[in-house]
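# Descriptive analysis of the structure
Residue strings, one per chain:
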Amino acid sequence: MVVRSVAISDWLQDDKTGPQPADDLNAYIGKDKRKRLGRYVGAIKRLYWDMEPGTIIVVPGPNYYDEVLIGEIVGKPKMLRNEAIYPGYATPARKIEWLRSKPRAAFSRDVREKFGTPNPIMQLDRSLRKEILRAGYDQYAFENEFTARLNTSEDEFSSLDDYNIQTFVNYVSGVLLALEGGQTTEISFLDAIDRLRRDPDAAPELKLNINSIGFQRLIDQTVKPLVIAALLSAALSANAGAQLAPPTIAISNTVAAGGDECTIMVSEKVEGALKLMRLQDWKMVCEAARDAHNATGLSTTMRAE
């Protein structure tokens, strides 16, 4: 079947010069001795029939400065007719939801070397997968890494804007530190910051991209970045500052079944942190977050309803 497909593809690309290749598979038995043929047979079976929906697909362009496409397989395999490519023939196809692209040159050397292998399809080493996840996803949980992305959309970005963002991030981090330490009573803003100052390793790792559109990525070995993003989403909602108490927040994961482990952990941390927050401190950090939003277009990719 693969040999027949190669013959048909060559004939179509040659503007149908010469006789049309035979449809009978028996006509191609023993006609192609290429050593790599078995790899293509395996790759076709794997890509078009074996991969489950949700599998992450990375498609690098051929050149150093080309874009690398990152997406997820959606739905089951199907046969598709595309008259512009293969007129008169149905071909196996998978639907991909493309998430984001990134220049090939911007990836690490180890990942770029994998992009250059001659295999038509390959599974990326686990040690390199986090780099793909960071390039393609705003937030994710993978092995011992949890991350969330805070986006900005304006060209102007000042030190005051960054201060307002980090005020919110550091306050929530300090409250979570108190929660993890077993505190059950309210904690003030200054005490929360002081706790973080005394244990700076508890602050999430921060990676910045100051281009427009820019972003800040929070990374940690706990669900802290996702908790911060969830609370920031609430703070940026219209009525956050008008609360008589810190809000009640219900967390759901739109791409996973209800009750998944990560969602439960985030929900528990959000609920616990809110119980420790004083209303006046919550309003203060909400105002700082909204000031940053008004000045820079600060947003998360979590939807507040």
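Residues numbered from 1 in each chain as written. Predicted model: local features only at pLDDT ≥ 70, side-chain atom pairs only at ≥ 80, totals over all residues. Heavy atoms only, no water.

### What about helix H6 (residues 189-198)?
Looking only at H6, the buried set comprises Phe189, Ala192, Ile193 and Leu196. Looking down the long axis of H6, one finds its buried residues gathered within 95 degrees of arc, a one-sided arrangement. Facing away from the buried side of H6, by more than 90 degrees, are the exposed residues Leu190 and Arg198. Next to the buried residues of H6 lie helix H5 (159-180) and helix H9 (279-296). (Buried < 20%, exposed > 50% of the residue type's maximum accessible area, 1.4 Å probe, protein only. Helix = DSSP H or I, 4+ residues; strand = E, 2+ residues; numbered from the N terminus. Arc of directions from axis to C-beta. Contact = heavy atoms within 4.5 Å.)

### Some points on the environment of leucine 236
If you trace the backbone, leucine 236 turns up in the loop between helix H7 (224-235) and helix H8 (261-276). Remark: the alpha-carbon pair of leucine 236 and serine 299, spanning 63 residues in sequence, is separated by 7.8 Å. Beyond its immediate chain neighbours, meaning those up to four positions away, leucine 236 contacts Ala289, Arg290, His293, Leu298 and Ser299.

### Observations regarding the nonpolar core
Phe168, Tyr171, Val172, Val175, Leu231, Met277 and Trp282 are the most contacted members of the largest nonpolar core, which has 38 residues in total. Every element with two or more residues in this core is listed here: strand E5 (145-152), H5, H6, H7, H8 and H9. Grouped together as the second largest cluster of nonpolar side chains are nine residues, Ile70, Phe107, Leu128 and Ile132 included. (Core = buried A, V, L, I, M, F, W, Y, C linked by side-chain atoms within 4.5 Å.)

### A short note on the sheet that holds strand E3 (residues 90-103)
Ordered by their spatial adjacency, three strands build an open sheet running E1-E2-E3, and the pairing between neighbours is antiparallel. In the strand order of this sheet, the two ends are held by strand E1 (56-60) and E3, each with one partner. Pairwise comparison of adjacent strand axes, ignoring direction, gives a mean angle of 40 degrees for this sheet. In the sheet, strand E2 (residues 67-81) pairs with E3 via twelve bridges, with the strands oriented antiparallel. Looking across to E3, one finds that glycine 71 is bridged to tryptophan 98. Taken strand by strand, helix H2 (residues 37-50) contacts E1, E2 and E3, and its axis lies near 85 degrees from that of E3. (Pairing = 2+ DSSP bridges. Axes fitted to C-alpha atoms, helices over the stretch in contact; angles between N-to-C directions.)

### Section: the pattern of salt bridges
Considering all chains together, one arrives at 13 salt bridges under this definition. Residues arginine 197 and aspartate 194 are paired through a salt bridge, measuring 3.9 Å at the closest nitrogen-oxygen approach. Here aspartate 194 and arginine 197 lie together in helix H6, a separation of three residues that amounts to about one turn. Judged by relative accessible area, arginine 197 falls into the exposed class, the value being 57%. (Salt bridge = Lys/Arg side-chain N within 4 Å of Asp/Glu carboxyl O.)

### Side note on the packing of H5 against H7
Contact geometry of H5 with H7 gives a least axis separation of 10 Å together with a crossing angle of 125 degrees. With respect to H7, the element H5 is oriented oblique. You can see that H5 and H7 cross each other, and the crossing is right-handed. For the pair formed by H5 and H7, the contact residues are Phe168, Val169, Val172, Ser173, Leu176 and Glu180 on the first element and Lys224, Val227, Ile228, Leu231, Leu232 and Ala235 on the second. Class assignment of the residues belonging to the contact of H5 with H7 gives a composition of nine nonpolar, one polar and two charged. (Parallel < 35°, antiparallel > 145°, perpendicular 65-115°, else oblique. Left-handed = near helix turned anticlockwise from the far one by under 90°. Nonpolar A, V, L, I, M, F, W, Y, C, P; charged D, E, K, R; others polar.)

### Here's the deal with the packing of aromatic side chains
Considering all chains together, one arrives at four aromatic pairs under this definition. Taking the centre distance of 5.4 Å and the plane angle of 80 degrees together, the rings of phenylalanine 107 and phenylalanine 115 count as edge-to-face. In terms of burial, phenylalanine 107 and phenylalanine 115 fall into one category: buried. If you follow lysine 102 out to its NZ or CZ, it ends over the ring of phenylalanine 107, 4.8 Å from the centre. The aromatic ring of phenylalanine 215 is capped on one face by arginine 149, whose charged end is 3.9 Å from the ring centroid. (Phe/Tyr/Trp six-rings, centres within 6.5 Å; stacked < 30°, edge-to-face > 60°. Lys NZ or Arg CZ within 6 Å of the ring centre and 35° of its normal.)

### Notes on unusual backbone geometry
A positive phi angle, close to 60 degrees, is found at lysine 16, a residue other than glycine. Counting through the fold element by element, lysine 16 comes out in the loop between helix H1 (2-13) and H2. Accessibility expressed as a relative area gives 44% for lysine 16, which makes it partly exposed. Even without a glycine there, the phi angle at glutamate 143 is positive, about 55 degrees. By the element assignment, glutamate 143 lies in the loop between strand E4 (140-142) and E5. Overall, glutamate 143 belongs to the partly exposed group, its relative accessible area being 46%.

### Quick look at the environment of aspartate 161
Inspection of the secondary structure assignment puts aspartate 161 in helix H5. A relative accessible area of 8% places aspartate 161 in the buried class. As a C-alpha pair, aspartate 161 and asparagine 294 span 133 residues in sequence and 9.6 Å in three-dimensional space. Discounting residues that sit within four places of it in the chain, aspartate 161 has contacts with Glu156, Ala292, Ala295 and Thr296.

Geometric values such as these leave the question of function open.
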